[in-house]
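Structural characterization, general
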Amino acid sequence: MCAARLNYIAPWWTYWLHNFPHTNLRLEPVDSAFRPQEEDYQQSLVFLGCVAAAALGLNLLFLATYLSCLCCCHKEDEVEEENKRSNSCCVSWTAVLAALVICSAVGVGFYGNSESNDGMYQMTYSLYNANHTLSGIDRLVTGMTGSMEGRLKEHLARLDEIFAARDDFVQTLRFMQQMANNIIIQLKSFPDLRKANVDLAAIADQTTTWEYYRWLTYLLLLIVDLVICLAACLALAKQSRWLLTTMMVFGVLALALSWASLGADTAAAVGTSDFCVAPDKFLVNQTKDIIHLHTFTYRSNSHSLPSIFMLRFLSLTTFQRSLTTMQIQTQGLLQKAVLRFPTSERDLLGIQQILNSTESGLHQLTALLDCRSLHKDYLDALNGVCYDGVEGLLYLCLFSLLAAAAFCAMLCAIPHALKHIASRERAYDDIDEADPFNPRTRRTMVRSPSQSHVHSFCSYSSRSSQGSLHAAPPAISNAPVAEYMNQSMLFGGNPRYENVPLIRSGSGSPPPSYSPSMRANYLSVTDSQVRHFGSDYQI
């Protein structure tokens, strides 16, 4: 019956995880064999979670030190524009890379969550199939035992009274009673599977419940990480200080959740790998009082050492022979005894019916005890847990590591972005409100049509002669290139070449707004130009 032999081979990553150091909370080495009931083994798995918690503490300490140094170590007030731009570019690229890493981590997390869920579903499905098989075996054995002990003995007792005058018929009935007792003994020799049925059903139900909540929790965690990443990118793009501050708080929360999920996934993966390396040993210890593991697995030397399954088939063979003998005896009594004892026909037909139903149940029991069915369920459960389940947990561990690193980088970049936004706001607030070239003043003057249009101060010599002035002399517009470059270096910090000078005569658009210090420099240069070109141009 067991000609097609199938073997279970543990994947390589289970051996890798099984070789992880197992240490209890007292820092003592512990055996890596799967023993979930023992306290030392439980502490070895908790120790892995404590390692992740310690890593979280070190990460938060690093962030606190970094932020303290950033807040305490102020830079000089006057910073070159190029340095500001390089810092802004660094913050932008850091945010972009962190966002890409988080998106990649979320993709890995979705795949790992799905793989783990598929593996647990395959295990629970196999457990339900095995539970259905075992419950069917127990139901058939219980039904046949009840029929043989109850109804068959009643029919034999009445026939013994009817055939009291015929010793040969009574001898046949006693022989049938002996065969029935042998069948009952064989049926009672089957192990009581009701406890195993309850255990398998309870394990499958609990696993399904826990797996649903685990899958849902990770789904929410993945969505939250993705939302925090997108919101942080939006805050950097819009340069919103309050949104950046809010995302910084949520980033710390996401960082803590990432390290917590890493500890839980690592402990679960190591514990599951300890079971997957040697599942037979654990199941033998757990089911030795209920059902032998040989029902589910094969032995390489099954020809020389029969398993409990082979012994059960030998007993079923004896069972079949006993039923056949009883049917022959019943058929003979129907042919001989009914003519002389008509009242015995009803009991004989009842016995024949019981034997026929018992034989049908025997065929069903033989089909349910086929080793290939139970062994397939056993292998499917192991493959679901040890291949898809552990692989999914490893992908979830990778997700947690990537998310923790990305959120750490984002938390380091957000303070720089806040400082950059604050410095820009201070520089913008430093503009003189009375400066006619201030963009705010220009917007106010545009909105007030009653106010006169402010022309460039190089277009007129004085306000008293505005009506009689013509276009600016070509001396300024045809100024040497070197002179214009000197002016540009004073105002912008870098020399620049333009087809049209920045200050044009008769133009309605003033040059960019300047701070009070830059405006003073501009006025001093204008005075030197007045002395050079004459008194035709006055401010």
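Residues numbered from 1 in each chain as written. Predicted model: local features only at pLDDT ≥ 70, side-chain atom pairs only at ≥ 80, totals over all residues. Heavy atoms only, no water.

Quick reminder of the rule: UniProt positions are given in the numbering used here, feature names are shortened, and annotations may be inferred rather than shown by experiment.
The name given to the chain in an unreviewed UniProt entry is Protein tweety homolog, and the organism recorded there is Scleropages formosus. Quoted verbatim from the Function (unreviewed entry) heading of the UniProt record, the comment on the chain is "Probable chloride channel." Quoted straight from UniProt, the Sequence similarities (unreviewed entry) entry for the chain says "Belongs to the tweety family."

1. Details of the packing of helix α2 (residues 39–72) against helix α6 (residues 241–277)
How two helices pack is summed up by the angle between their axes together with the distance between the axes. We apply this condition: To obtain an axis, a line is fitted to C-alpha atoms, over the contacting stretch when the element is a helix, and the angle between two such axes runs from 0 to 180 degrees between their N-to-C directions. We count a stretch as a helix when DSSP gives it H or I for four or more residues in a row; a strand needs E for two or more, and each element gets its number in order from the N terminus. Here the word oblique covers every angle except those under 35 degrees (roughly parallel), over 145 (roughly antiparallel) and from 65 to 115 (roughly perpendicular). Here a crossing is called left-handed whenever its near helix is offset anticlockwise from the far helix by less than a right angle, and right-handed whenever the offset is clockwise. Residue contacts are counted whenever heavy atoms from the two residues lie within 4.5 Å of one another. In this count, Pro and Cys sit with the nonpolar residues alongside Ala, Val, Leu, Ile, Met, Phe, Trp and Tyr, while Asp, Glu, Lys and Arg are called charged and the others, Gly among them, polar.
Close contact between α2 and α6 brings their axes to 9 Å; oriented N to C, the two are set at 155°. Looking at the two axes, α2 sits roughly antiparallel to α6. The way α2 lies across α6 gives a crossing that is right-handed. Taken together, the residues of α6 that come into contact with α2 (itself represented by Tyr-41, Leu-45, Leu-48, Gly-49, Ala-52, Ala-55, Leu-56, Asn-59, Leu-60, Leu-63 and Leu-67) are Met-248, Val-252, Leu-255, Ala-256, Trp-259, Gly-263, Thr-266, Ala-267, Val-270, Gly-271 and Asp-274. When the residues that make up the contact of α2 with α6 are grouped by side-chain class, the tally is 16 nonpolar, five polar and one charged.

2. A few points about the nonpolar core
Threshold: In plain words, nonpolar cores are sets of buried Ala, Val, Leu, Ile, Met, Phe, Trp, Tyr and Cys residues tied together by side-chain atoms within 4.5 Å. Only protein chains enter the area calculation, which uses a 1.4 Å probe; residues under 20% of their type maximum are buried, those over 50% are exposed, and those in between are partly exposed.
Core analysis: the biggest nonpolar cluster contains 51 residues, and Met-148, Leu-152, Phe-163, Phe-319, Met-326 and Leu-365 have the highest contact counts within it. Elements that contribute at least two residues to this core include exactly α3 (81–162), α4 (167–188), α5 (194–238), α6, α8 (308–340), α9 (344–368) and α10 (371–429). Ranked by the residues each element gives to this core, the list is headed by α3, at 13 residues. With 49 residues, the next largest nonpolar core counts Ala-231, Phe-399, Ile-414 and Ile-421 among its residues.

3. Let's talk about the pattern of salt bridges
Condition: Criterion for a salt bridge: a side-chain nitrogen of Lys or Arg within 4 Å of a carboxyl oxygen of Asp or Glu.
The final tally for this structure, using the stated rule, is eight salt bridges. Salt-bridge contacts for Arg-35 lead to Glu-38; the nearest nitrogen and oxygen are separated by 2.1 Å. On the basis of relative accessibility, which here comes to 39%, the residue Glu-38 falls in the partly exposed class. Among the salt bridges present, the one from Glu-211 reaches Arg-214, with a minimum N-O distance of 2.7 Å. Remark: Arg-214 and Glu-211 occur in helix α5; sequence separation between them is three residues, near one turn of the helix. Given a relative accessible area of 9%, Glu-211 falls into the buried group. One salt-bridge network, in which partners are shared between bridges, spans Arg-26, Glu-28 and Asp-40.

4. Overview of the state of the cysteines
We apply this condition: Two cysteine sulfurs form what is called a disulfide whenever their separation falls within 2.5 Å.
Taken as a whole and judged by the stated rule, the model has one disulfide. Between Cys-276 and Cys-386 runs a disulfide, and the two sulfur atoms are separated by 1.9 Å. In this structure the cystine formed by Cys-276 and Cys-386 twists about its S-S bond by roughly -90°; its chirality is therefore left-handed. Of this pair, Cys-276 sits in helix α6 while Cys-386 sits in helix α10, and the two are 110 residues apart along the sequence. According to the relative accessible area criterion, Cys-276 is buried, its value standing at 0%. With a relative accessible area of 0%, Cys-386 lands in the buried category. Of all cysteine sulfurs, the one in Cys-408 lies closest to Cys-412, which takes part in no disulfide; the gap is 4.6 Å. Residue Cys-412 is classed as buried on the basis of its relative accessible area, which comes to 15%.

5. Quick word on the side chain of Ser-258
Within the secondary structure layout, Ser-258 lies in helix α6. By relative accessible area, which is 1% here, Ser-258 ends up buried. Apart from the residues within four sequence positions on either side, Ser-258 is in contact with Asp-225, Ser-400, Ala-403, Ala-404 and Phe-407.

6. Describing the packing of aromatic side chains
Cut-off, in case you're wondering: Ring geometry is summarised as follows: Phe, Tyr and Trp rings, the Trp one being its six-membered ring, pair when their centres sit within 6.5 Å, and such pairs are stacked at plane angles under 30 degrees, edge-to-face over 60 and tilted between the two. Here, a charge over a ring means that NZ of Lys or CZ of Arg falls within 6 Å of the ring centre while also lying within 35 degrees of the ring normal.
Under the defined criterion, the tally for this structure stands at 14 aromatic pairs. A centroid spacing of 5.4 Å and a plane angle of 70° characterise the contact between Tyr-212 and Tyr-213, whose relative ring orientation is edge-to-face. Given a relative accessible area of 46%, Tyr-212 falls into the partly exposed group. Through a chain of ring-to-ring contacts, three or more aromatic side chains come together here, namely Phe-34, Tyr-41, Phe-275 and Phe-282. Over the ring of Phe-169 we find Arg-166, and its NZ or CZ is 4.3 Å from the ring centre.

7. A word on the UniProt feature "transmembrane region" (unreviewed entry) in the chain
According to UniProt, the positions carrying the feature "transmembrane region" (unreviewed entry) are residues 45–69, 90–111, 215–235, 242–262 and 393–414. Along residues 45–69 one finds 100% helix and 0% strand; the C-alpha atoms at either end are 37 Å apart.

8. Details of the confidence of the model for the chain
Heads up, the rule is: On a range of 0 to 100, pLDDT expresses the predictor's confidence in each residue.
Per-residue pLDDT for the chain averages 75, and the proportion of residues at 70 or more is 67%. At the level of individual helices and strands, the chain shows its lowest average pLDDT in helix α12 (residues 474–477), which scores 43, and its highest in helix α1 (residues 12–18), which scores 93. Within the model, the stretch residues 1–5 combines pLDDT values under 50 with eleven contacts to residues more than four positions away or in other chains. Under a pLDDT of 50 for its full length, residues 75–82 has, in the predicted model, four contacts with residues more than four places off or in other chains.

9. A short note on α4
Where we set the bar: Here the expected length of a helix is defined as 1.5 Å per residue gap, with one fewer gap than residues.
Helix length check: α4 (22 residues) gives 31 Å between terminal C-alpha atoms against 32 Å at 1.5 Å per residue, within 8%. All of the buried residues in α4 are Phe-169, Val-170, Thr-172, Leu-173, Met-176, Met-179, Ala-180, Ile-183, Ile-184, Gln-186 and Leu-187.

10. Quick word on the environment of Asn-24
By secondary structure assignment, the location of Asn-24 is in the loop between α1 and α2. The exposure class of Asn-24 is buried, given its relative accessible area of 2%. With sequence-adjacent residues up to four places away left out, Asn-24 is seen in contact with Val-30, Asp-40, Gln-43, Ser-44 and Phe-47.

11. Some thoughts on unusual backbone geometry
Non-glycine residue Leu-27 carries a positive phi angle of around 60°. Along the polypeptide, Leu-27 turns up in the loop between α1 and α2. Residue Leu-27 is classed as exposed on the basis of its relative accessible area of 62%. In the Ramachandran plot, Gln-239 falls in the positive-phi region, its phi being about 55° despite a non-glycine side chain.

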